[in-house]
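Each chain, letter by letter, is given below.
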Amino acid sequence: MQTVTHRSLPFVAVTFALGVACGGAQDPEAPAADAPAAEAPSAEASGTGVAPDGSETVEQAAERALATIPATGQFEVRGTKIFDPQGREFVMRGMNVDGPNWPWNRDVAQDARLIVDVWKLNTIRAASYLRTFAHVTNNGDTDKIVDAYTKRGVVVMFGLQDYSGKYPEGEDLKKIVEFNRGLARKYKDNPYVWFNVMNEPGTCAGDGSVPAYWYTMNKAVIDAIRAEGAKNVIVVDGHGHGNENCGGGDLIPEKASAVLTYGQQLLGADPQKRLVFDYHVYWFRTYETSGNKPAVANTVRRMRDYLQRVAAKKLAIIAGEITNGSGDGWCVPYGTQAVLQLAQE
């Protein structure tokens, strides 16, 4: 995977790569091969974490000197930017990993050193399930994951995956609320734990307009988290499997984007004003055949226009999933190529 930082566009972004996102259907009941994490040649680099003796690294000292807001001990979201508890601008670089009840069985806590010192990442998104799988024995201990990463200055974002493509109501919504409420109660004193309300809510229907329930559902979870006294950052996925692009057309219609339609209203409803929005890049691609260069250029233009409109509303947004696919289907890599190209602007 490739991590990127957008340089000139007035927004903050991160790329994650989730292994099951592309490459064909994945049977969650089937255990995946437990391949070891790869070491890069630069394994001795000090990275962005603490030094081996627990002291501040040279890189950290330099970053501290560049703090742009007063340190509050919490992550702060100011317009399009995120700042860490020391007041430094925080540009997320991360990847998706196995979380509680995820159907792959790798113990992710063991990879903390590699993720920090080799990959140079500062965020993981722990994909989580409420349902359980008989063959899964790792990652049920959230304290183990949180301790392994947050003590190294890495954000751990828990995101529930059970209801992808749906708008859960009734008892299902209560389950999402209670999942996030439990995490908030447990980790409200650790600002490096973030709560991703749920993965990829809703699917495209009718004229592609975002239902008002997107706002209602997310607000219910936000209210529950805040009721526990948690000041942590909350991450909210866009509409239409998170892709924000149900309306079709050359550019993203505002009615098809939950972030553009309801983002400011939802941010205003959060008493802590610590919301970050999340889009996934799969449906940003255009429909030309694979290998057609204008397809990439059109996807770049579409994504740039969308992100500029989000920025104009002074909302912080991240790219929570990118594609590792190929070919002409929904997982063509144009969205990923667009993210990488925009990172160079």
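See above for the structure.
Definitions and cut-offs
Position numbers for residues start from 1 in each chain and track the written sequence from start to end. Since the coordinates come from a predicted model, pLDDT governs what is reported: local features require at least 70, and pairs of side-chain atoms require 80 or more to be given and counted, while whole-chain, interface and lining totals use all residues. As a rule here, side-chain values come from all non-hydrogen atoms in the structure, and water together with hydrogens is ignored. Stacked, tilted and edge-to-face are the three classes assigned to paired rings of Phe, Tyr and Trp, where Trp is represented by its six-membered ring and a pair needs centres within 6.5 Å; plane angles under 30 degrees give stacked, over 60 edge-to-face, the rest tilted. In this text, helices come from DSSP runs of H or I with a minimum length of four residues, and strands from runs of E with a minimum of two, each type numbered from the N-terminal end. Think of it as a cone above the ring: NZ of Lys or CZ of Arg counts as a charge over the ring if it is within 6 Å of the ring centre and within 35 degrees of the ring normal. Remark: nonpolar core denotes a set of buried residues (Ala, Val, Leu, Ile, Met, Phe, Trp, Tyr, Cys) joined through side-chain atoms within 4.5 Å. Three exposure classes are used, based on accessible area relative to the maximum for each residue type with a 1.4 Å probe and protein chains only: buried under 20%, partly exposed in between, and exposed over 50%. Strands were regarded as paired on the criterion that DSSP finds at least two bridges between them. Disulfide: a pair of cysteine sulfur atoms within 2.5 Å of each other. Here, axes are lines fitted to C-alpha atoms. For helices the fit covers the stretch in contact, and angles between N-to-C directions go from 0 to 180 degrees. Contacts are assigned to residue pairs with any non-hydrogen atoms lying within 4.5 Å of each other. Neither His nor the chain ends contribute to the count of charged residues, in which Lys and Arg are positive and Asp and Glu negative. One side-chain nitrogen of Lys or Arg within 4 Å of one carboxyl oxygen of Asp or Glu is enough to make a salt bridge. Think of a polar contact as two N or O atoms within 3.5 Å of one another; within protein, one of them needs to be a possible hydrogen donor and the other a possible acceptor, and neighboring residues in sequence only count if both atoms come from side chains. Working definition: roughly parallel below 35 degrees, roughly antiparallel above 145 degrees, roughly perpendicular at 65 to 115 degrees, and oblique for all remaining angles. Two helices cross in a left-handed way if the nearer one is turned anticlockwise from the farther one by less than a right angle. They cross in a right-handed way if the turn is clockwise. Ten residues, namely Ala, Val, Leu, Ile, Met, Phe, Trp, Tyr, Cys and Pro, are considered nonpolar, four, namely Asp, Glu, Lys and Arg, are considered charged, and the remaining ones, Gly among them, are considered polar.

## Describing the packing of aromatic side chains
Under the criterion given, the structure shown has 12 aromatic pairs. An angle of 10 degrees between the planes, with centres 5.3 Å apart, marks the rings of tryptophan 102 and tyrosine 129 as stacked. Taken together, the residues span a long stretch of sequence, with tryptophan 102 in the loop between strand S3 (94–98) and helix H2 (112–118) and tyrosine 129 in the loop between strand S4 (123–128) and helix H3 (142–150) at a distance of 27 residues. With a centroid separation of 6.3 Å and 35 degrees between ring planes, the pair formed by tyrosine 215 and tyrosine 262 is classed as tilted. With a gap of 47 residues between them, tyrosine 215 in helix H5 (residues 213–227) and tyrosine 262 in helix H6 (residues 258–269) connect regions that are remote in the sequence. A cation sits over an aromatic face here: arginine 131 above tyrosine 129, 4.6 Å from the ring centre.

## A few points about the nonpolar core
Soluble, globular proteins show a tendency: their nonpolar side chains are buried together. Residues Tyr149, Trp214, Phe277, Tyr279, Met303 and Tyr306 are the most contacted members of the largest nonpolar core, which totals 69 residues. Counting residues in hydrophobic clusters, the runner-up holds 14 residues, among them Phe90, Met157, Trp194 and Val233.

## Considerations on the pairing of S4
The buried fraction of S4 is high, at 6 of 6 residues. Both faces of S4 are covered, namely the face carrying Thr123, Arg125 and Ala127 and the face carrying Ile124, Ala126 and Ser128. As paired strands, S3 and S4 are joined by 5 bridges and run parallel to one another. Each bridged residue has a counterpart across the sheet, and for methionine 95 the counterpart in S4 is isoleucine 124.

## Here we look at the state of the cysteines
Where two cysteines share a covalent bond between their sulfur atoms, that bond is called a disulfide. Counting across every chain of the model gives 1 disulfide. Disulfide partner of cysteine 204: cysteine 246, at an S-S distance of 2.0 Å. Negative torsions about the S-S bond denote left-handed disulfides, and the value of about -80 degrees found for cysteine 204 with cysteine 246 makes this one left-handed. Placement of cysteine 204 in the loop between strand S6 (193–196) and H5 and of cysteine 246 in the loop between strand S7 (234–237) and H6 is noted, with a sequence separation of 42 residues between them. When its relative accessible area of 33% is taken as the criterion, cysteine 204 is described as partly exposed. A residue is classified by how much of its surface remains accessible, and cysteine 246, at 14% relative accessible area, is buried.

## Comments concerning unusual backbone geometry
Although it is not a glycine, glutamate 244 sits at a positive phi angle of roughly 65 degrees. By relative accessible area, which is 0% here, glutamate 244 ends up buried.

## As for the sheet that holds strand S5 (residues 155–160)
If you walk across this open sheet you meet the 7 strands as S3-S4-S5-S6-S7-S8-S9, and the pairing is parallel. At either margin of the open sheet sits one strand with a lone partner, and together these are S3 and strand S9 (317–321). Ignoring strand direction, the axes of neighbouring strands in this sheet form an average angle of 30 degrees. Against the sheet, H3 touches S4, S5 and S6, its axis set at about 145 degrees to S5. Strands in contact with helix H4 (residues 170–187) are S4, S5 and S6; relative to S6, the strand with the most contacts, it is inclined by about 170 degrees.

## What to know about the side chain of glutamate 244
Assignment of secondary structure puts glutamate 244 in the loop between S7 and H6. In this structure, glutamate 244 is buried with no salt-bridge partner, the nearest side chain bearing the opposite charge being arginine 309 at 8.8 Å. There is a polar contact of 2.9 Å between the side chain of glutamate 244 and the backbone nitrogen of histidine 239. Within the local environment of glutamate 244, its side chain forms a polar contact with the side chain of tyrosine 306, the two groups lying 2.8 Å apart. Filtering out sequence-adjacent residues up to four positions away, glutamate 244 remains in contact with Gly238, His239, Ile252, Ala256, Ser257, Ala258, Val259, Leu260, Tyr279 and Tyr306.

## Thoughts on the packing of H5 against H6
Two numbers describe a pair of packed helices, the interaxial angle and the distance between the axes. Two elements in contact, H5 and H6, have axes whose closest approach is 10 Å; the angle formed by their N-to-C orientations is 30 degrees. Classed by the angle they form, the pair H5 and H6 counts as roughly parallel. Judged by the sense of rotation from one axis to the other, the crossing of H5 with H6 is right-handed. Contact residues: H5 offers Trp214, Tyr215, Asn218, Lys219 and Ile222, while H6 offers Ala258, Tyr262, Gln265, Leu266 and Ala269. For the contact of H5 with H6, the class distribution of residues is 7 nonpolar, 2 polar and 1 charged.

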